[in-house]
Amino acid sequence: MYLNGMAASGKLASFRLPPLPTVSELIKLYNLRAEKQLSQNFLLDLRLTDKLVRQAGNLNNAHVCEVGPGPGGLTRSILNAGATDLLVVEKDSRFIPGLKLLSEAAPGRLRIVHGDILTYRMDRGFPGSISRPWEEDPPNLHIIGNLPFSVSTPLIISWLENIAKRTGPFAYGRTRLTLTFQKEVAERLTASTKSKQRSRLSIMAQYLCTVHHRFTIPGRAFVPKPEVDVGVVHFTPLVQPLIQQPFKLVEKVVRNIFQFRRKRCHRGIGMLFPEACRDALTEELMCKADVEPTLRPTELSIPHFKALADVYAHMCSREPLLLGYNFREELRLKHLAKRRGMQTNMPQAMPPSPEQPN
Ligand code: SAM
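What you see is a predicted model, and the numbers here were worked out from it, not measured in a lab.

S.K.: Mind showing me how you'd approach the side chain of threonine 75 here?
M.R.: Note that threonine 75 resides in helix H3 (residues 73-80). Of the residues examined, threonine 75 reaches a relative accessible area of 0% and is grouped as buried. In terms of polar contacts, threonine 75 uses its side chain to reach the side chain of glutamate 66, at 2.7 Å. Sequence-distant contacts of threonine 75, defined by excluding residues within four places in its chain, comprise Glu66, Pro69, Leu86, Val88, Leu99, Leu102 and Leu110.

Structure follows, in structure tokens:
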């Protein structure tokens, strides 16, 4: 639901907001106690919110979607940086009056959506005229947010899938993202080959985007103080993904490999195949992809993952039932058969699974 009108295209190169109550005063005025169960931690230091916003790049005349504006500290910095069309999506209705006050101070530049970013259709939030062809420079559209950690991780996974499909916020082109994560997650997103933090998230983010961990905000800078420090991460979608297979297929290969992160990589790769033919197909995949089976998952580079995904895709096109195979389902069936005292006569063909790559 929009709470005020569409922003006019402005020419406000060096705009400063008029005097307003400070964010802390607003919090008191509207009694905006942070809800612990919603993991609300506010950034009230405008020098820090300015620094975070600077990581997005030049916001002059930019269109911006801010996720979870809360009491509006980051929102003020985005407006002060010159954004002329700022759309904020906030789930908690308590923040709406304070945001309206801000919107009155920046007439025509701030649109407020009271809603959930996990379901909000951002592909409808901005004029089509801002779209840029994928191969060209990114559009003048940015996504910026300091979200609860419980939301930012599922959200980035869903946005990575959107990047692969050029849908949602990426229907406009290679929209850039500047987001906060728990520091450990920020480190995983940006971890390079052989680093301790290398994980599923590293591969999924880095095969689709240039990813930078820009700086760390100490937990003490937030009110109330979270248990952890916070990393600010910037993403620019790549013109050409480093792996050119469907997102779900890449996700399946990467997930299987990292589920045994301390073991050698052939162990997780084997789980892509039914037990009856596991050894032979694992050997075929590793051989054709030219990946040393003794490497650990953290030692695999993106080109290794690309080779594995390409060969796996080829094997799936030869035997389509492979794609739906899920070893956990096979385990479940075995377990069920055992419990019922049946003979474990496992099917040779792979059971169909709802998980199909698109
Ligand atoms: N941006 C503010 C700041 O930096 O001070 C608030 C940060 S607080 C960590 C997260 C904000 O996101 C809260 O205002 C919360 O209500 C909002 N939020 C949480 N889940 C959300 C969701 N699914 N969609 C939209 N907003 C959400």
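S.K.: Would you mind showing me how to read the pattern of salt bridges here?
M.R.: Counted by the stated rule, this structure contains 15 salt bridges. Of the charged contacts, one joins arginine 166 and glutamate 135 as a salt bridge, the two residues approaching to 3.9 Å between their closest N and O atoms. Placement of the pair is arginine 166 in the loop between helix H5 (149-165) and strand S6 (176-182) and glutamate 135 in the loop between strand S4 (110-114) and strand S5 (141-145), with a sequence separation of 31 residues. A residue is classified by how much of its surface remains accessible, and arginine 166, at 37% relative accessible area, is partly exposed. With a shortest N-O distance of 2.8 Å, arginine 318 and glutamate 284 are connected by a salt bridge. Pair noted here: arginine 318 is in helix H11 (residues 302-318) and glutamate 284 is in helix H10 (residues 278-289), with a separation of 34 residues, a long-range link. Counted as one network, the salt bridges with shared partners bring together Glu161, Lys165 and Lys248.

S.K.: Explain the packing of helix H8 (residues 247-258) against H11 here, please?
M.R.: What describes two packed helices is the angle between their axes and the distance between those same axes. Closest axis-to-axis distance for the H8/H11 pair is 10 Å, and the angle between their directions is 115°. For the pair H8 and H11, the sense of crossing is right-handed. The residues of H11 that touch H8, namely those facing Leu249, Lys252, Val253, Val254, Ile257 and Phe258, are Phe305, Leu308, Ala309, Tyr312 and Ala313.

S.K.: For this particular structure, what's the right way to read the sheet that holds strand S3 (residues 85-90)?
M.R.: Through backbone hydrogen bonds, the strands of a sheet pair up, either in parallel or in antiparallel fashion. The mixed open sheet is built from seven strands, whose spatial order is S4-S3-S2-S5-S6-S9-S7. At either margin of the open sheet sits one strand with a lone partner, and together these are S4 and strand S7 (209-217). On average, adjacent strands in this sheet sit at an angle of 20° to one another, irrespective of strand direction. When strand S2 (residues 63-67) meets S5, the two strands line up parallel, connected through five bridges. From the neighbouring strand, histidine 63 faces S5, where its bridge partner is leucine 141.

S.K.: Honestly, the site of the ligand in this entry has me stumped. Any pointers?
M.R.: Contacts to the ligand come from 21 residues, most closely from Leu43, Gly68, Glu90, Asp116 and Asn146. In this structure, glutamine 40 approaches the ligand through a side-chain N or O atom, which is 2.9 Å from an oxygen atom. One of the backbone nitrogen or oxygen atoms of proline 69 is found 3.4 Å away from a nitrogen atom of the ligand. Calculation on the ligand without its partners gives an accessible area of 590 Å², and the protein chains cover 97% of this total. Structurally, the ligand is housed in the largest pocket. Within the residue set of the shell around the ligand, elements represented by two or more residues are strand S1 (42-43) and S3. Each residue belonging to the shell around the ligand can be placed in one class, and the counts come to nine nonpolar, seven polar and five charged.

Quick notes on the rules
- Here the residue numbering is sequential within each chain, running from 1 through the sequence in written order.
- Only residues with pLDDT of at least 70 are given local features in this predicted model, and only at 80 or more are side-chain atom pairs given and counted; all residues enter the totals for whole chains, interfaces and linings.
- Excluded from the side-chain calculation are hydrogens and water; included are all heavy atoms of the structure.
- Working definition: helices are DSSP H or I runs of at least four residues, strands are E runs of at least two. Numbering for both runs from the N terminus.
- Burial here depends on accessible area, computed with a 1.4 Å probe over protein chains only, as a share of the maximum for the residue type. Under 20% is buried, over 50% is exposed, and the range in between is partly exposed.
- Here a polar contact is taken to be a pair of N or O atoms separated by no more than 3.5 Å, where protein atoms must pair a possible hydrogen donor with a possible acceptor and residues adjacent in sequence count only if both atoms sit in side chains.
- Residue contacts are counted whenever heavy atoms from the two residues lie within 4.5 Å of one another.
- Within this document, salt bridges are pairs made up of a side-chain nitrogen of Lys or Arg and a carboxyl oxygen of Asp or Glu, the two lying within 4 Å of each other.
- Every axis corresponds to a line fitted to the C-alpha atoms, with the helix fit spanning only the stretch in contact, and the corresponding angles, defined between N-to-C directions, vary from 0 to 180 degrees.
- Each crossing gets its hand from how the near helix is turned against the far one by less than a right angle, where anticlockwise is left-handed and clockwise is right-handed.
- Being paired, for any two strands, means DSSP has found at least two bridges between them.
- Note on definitions. A residue lies near a molecule or strand when any single heavy atom of the residue is within 4 Å of it.
- Surface accessibility in these figures is a Shrake-Rupley result with a 1.4 Å probe; residues are shielded only by whichever protein chains are displayed.
- We place a 1 Å grid over just the protein atoms. Points where a 1.4 Å probe fits but has no way out form a cavity, open points with protein on both sides within 12 Å along at least 5 of 7 lines form a pocket, and any residue with an atom within 4 Å of a point lines it.
- Cavities and pockets are treated as containing a molecule whenever more than half of the molecule's atoms lie within 2 Å of their grid points.
- Any residue that is not Ala, Val, Leu, Ile, Met, Phe, Trp, Tyr, Cys, Pro, Asp, Glu, Lys or Arg is counted as polar, Gly included; the first ten are nonpolar and the last four charged.

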